Amino acid sequence: MGLAAAFGTSPQVWMNLETSYQLSRTKGAEQAVSRRARLYGRFPVKELVKRGWVEFSGNVEVLEKRFLDYFNMKSIDDTPTFACAARKSDYSGDQKILELAWLNRAWLVAKAVRAAKYSDAGLKAAIPELRECMQYKEEIGKVSDILAGAGVRLVVVEHLARSKMDACCFWIDGSPVIALSLRFDRIDNFWFNLFHEIDHVLHGEGKDAPRYETIDPNAEGLPPEELRANANASNYCVPRDELEGFIARVGPMYSKQAIIGFAMRIKVHRGIVVGQLQGRGVIHYSTNREMLERVKDVVTSSVLTDGFGNSLPLERKKQ
């Protein structure tokens, strides 16, 4: 009450001012809580901070700005997109935020990779070189250099939990990038995903944000370009006429000896043959799984990788 006497005002005036001040503090705290809740509801904050993709801040305004920069957004109300051609398990609806998080990280990693000038002719000429690497998993260590020589950047970004991304192709300044998640650590999966994305590159796809209105629900629920890339990837892995001839000769008794002999004759790893037979549905997915060798260690030791124990200190730059 001393202030009231000193300034010649009533005690009520100062009580009202104090009340207003306390209410303003409460309102500000409520707004901060609401803003934080919206941020955490919009983005996978915990996952991206844990992976080191976005630096944490206790200041919600700073943290929000970092996430907007990461996703190349001007406002939290924006709908982010990413131009790419992706292989994933779910093509329903728009691009999902976990997919976009993974794609943006792949973009950042790819910016650090050097490659020769790209041409379709150069990539087509590299395919026979890639096929020479398909018999032994250790040969996968040559893949990144072969692709870089053809103008294609290859990177690996460990998949995010609950994300269905296997691989994608996108372009940076006219240069194609193939990004793999190694979500399934098998030799057949590696080669299938790689050739799937090579097919996208050769068709000039991945330069625009994908639209899935053309999905045929009677055709595996996939867009037509994904069906084509799947078919061509299978043919790259094991030539279609060779596989059909093997099935006609050997089926339905696919012994280990027969699979190994066939794989040796066409000069591919036996696991690739098993994967193709499983994909055709002529053998069960539990059959001969010991042939599906793991390749993560070979791949990540030869390809610029984010995740699987490797943390790259990359910052987001505006596109």
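About the cut-offs
As a convention, each chain's residues are numbered from 1 in the sequence order in which they are written. Owing to the predicted nature of the model, reporting of local features is limited to residues with pLDDT of at least 70; listing and counting of side-chain atom pairs is limited to 80 or more, with chain, interface and lining totals taken over all residues. Think of the side-chain values as coming from all heavy atoms in the structure, minus any hydrogens and water. The helix and strand labels rest on DSSP assignments: H or I over at least four residues marks a helix, E over at least two residues marks a strand, and numbering proceeds from the N terminus. Relative accessibility decides the category of a residue: with a 1.4 Å probe and only protein chains considered, values under 20% of the type maximum give buried, values over 50% give exposed, and everything between is partly exposed. When checking whether two residues touch, look at their non-hydrogen atoms; a contact exists if any pair is within 4.5 Å. Using the Shrake-Rupley algorithm and a 1.4 Å probe, accessible areas are obtained, with residue cover drawn only from the displayed protein chains. At least two bridges found by DSSP between two strands are what make those strands a pair. For every element, the axis is a line fit to its C-alpha atoms; helices are fit only across the contacting stretch, and the angle between N-to-C directions ranges from 0 to 180 degrees. Here, a salt bridge means any Lys or Arg side-chain nitrogen found within 4 Å of an Asp or Glu carboxyl oxygen. Only buried residues count toward a nonpolar core, which is a set of Ala, Val, Leu, Ile, Met, Phe, Trp, Tyr and Cys residues joined through side-chain atoms within 4.5 Å. Any Phe, Tyr or Trp ring, taking Trp's six-membered ring, that has another such ring centre within 6.5 Å forms a pair; planes under 30 degrees apart are called stacked, those over 60 apart edge-to-face, and the others tilted. Two conditions define a charge sitting above a ring: the NZ of Lys or the CZ of Arg must be within 6 Å of the ring centre, and it must be within 35 degrees of the ring normal.

*Asks:* When you look at the overall build of the protein in this model, what are you seeing that I'm missing?
*Replies:* Within the protein one finds 13 helices and five strands. Taking all 319 residues of the protein together, the buried fraction comes to 45%. Across the protein, the fraction of contacts at a sequence separation of at least 24, relative to all contacts at a separation of at least 6, is 71%. Within the structure as shown, the protein displays about 16,500 Å² of accessible surface, and the carbon and sulfur contribution to it stands at 52%.

*Asks:* Can you walk me through the sheet that holds strand E2 (residues 153–157) in this structure?
*Replies:* Backbone hydrogen bonds hold the strands of a sheet together, and the pairing may be parallel or antiparallel. One open sheet holds the five strands; their spatial order is E1-E3-E4-E2-E5, and the pairing between them is mixed. At either margin of the open sheet sits one strand with a lone partner, and together these are strand E1 (85–88) and strand E5 (304–306). Within this sheet the neighbouring strands show an average axis-to-axis angle of 20°, counted without direction. Pairing of strand E3 (residues 165–172) with strand E4 (residues 175–180), which is carried by six bridges, proceeds in the antiparallel orientation. What sits directly across from cysteine 169, in E4, is isoleucine 178.

*Asks:* What should I look at first to understand helix H12 (residues 270–280) in this one?
*Replies:* Three or four residues apart is the spacing at which side chains of an α-helix point the same way, because the helix has 3.6 residues per turn. Most of H12 sits inside the fold, with eight of its 11 residues counted as buried. Looking at the buried residues of H12, the elements they touch are helix H8 (187–202), helix H9 (224–237), helix H10 (240–250) and helix H11 (256–266). The first or second residue beyond H12 is glycine 281, which carries a positive phi of 80°.

*Asks:* Hey, could you run me through unusual backbone geometry in this one?
*Replies:* When glycine is set aside, most residues are seen to have a negative phi, and most peptide bonds are trans. Looking along the chain, the bond that leaves glycine 251 and enters proline 252 is cis, with omega of 0°. Positive phi values are uncommon outside glycine, yet phenylalanine 308 reaches one of about 55°.

*Asks:* How do you make sense of the pattern of salt bridges when you look at a structure like this?
*Replies:* The tally for this structure, following the rule as stated, stands at 16 salt bridges. The salt bridge involving arginine 228 is made with glutamate 205; its shortest N-O contact spans 2.8 Å. Remark: glutamate 205 occurs in the loop between H8 and H9 and arginine 228 occurs in helix H9; sequence separation between them is 23 residues. In this structure arginine 228 comes out as partly exposed when scored by relative accessible area, which is 22%. The shortest N-O distance in the salt bridge between arginine 265 and glutamate 242 comes to 2.6 Å. Pair noted here: arginine 265 is in helix H11 and glutamate 242 is in helix H10, with a separation of 23 residues, a long-range link. Linked through salt bridges whose partners overlap, the residues forming this network are Asp199, Glu205 and Arg228.

*Asks:* So what exactly am I meant to see when it comes to the nonpolar core here?
*Replies:* Nonpolar side chains in soluble globular proteins generally cluster together in the buried interior. Ranked by size, the top nonpolar core spans 54 residues in total, and within it Phe190, Trp191 and Ile198 carry the most contacts. For isoleucine 198, the residues in contact, after removing those within four places along its chain, are Leu123, Ile127, Leu130, Leu147 and Ile178. Leu39, Val60, Leu100 and Leu160 belong to the second-largest nonpolar core, a separate cluster that totals 38 residues.

*Asks:* Explain the packing of aromatic side chains to me, please; I cannot follow it from the model alone.
*Replies:* By convention here, two paired aromatic rings are described through the distance between centres and the angle between planes. One pass over the structure, following the stated rule, counts 10 aromatic pairs. With a centroid separation of 6.0 Å and 45° between ring planes, the pair formed by phenylalanine 246 and tyrosine 254 is classed as tilted. By relative accessible area, which is 12% here, tyrosine 254 ends up buried. The interplanar angle of 10° and the centroid separation of 4.3 Å between the aromatic rings of phenylalanine 246 and phenylalanine 262 together place this pair among those described as stacked. In this pair, phenylalanine 246 sits in helix H10 while phenylalanine 262 sits in helix H11, placing the two residues 16 residues apart along the sequence. Among the residues examined, phenylalanine 246 registers a relative accessible area of 2% and is labelled buried. Accessibility expressed as a relative area gives 3% for phenylalanine 262, which makes it buried. Members of the aromatic cluster, joined through ring pairs, are Phe43, Phe67, Tyr70 and Phe71. A cation sits over an aromatic face here: lysine 207 above tryptophan 171, 4.4 Å from the ring centre.

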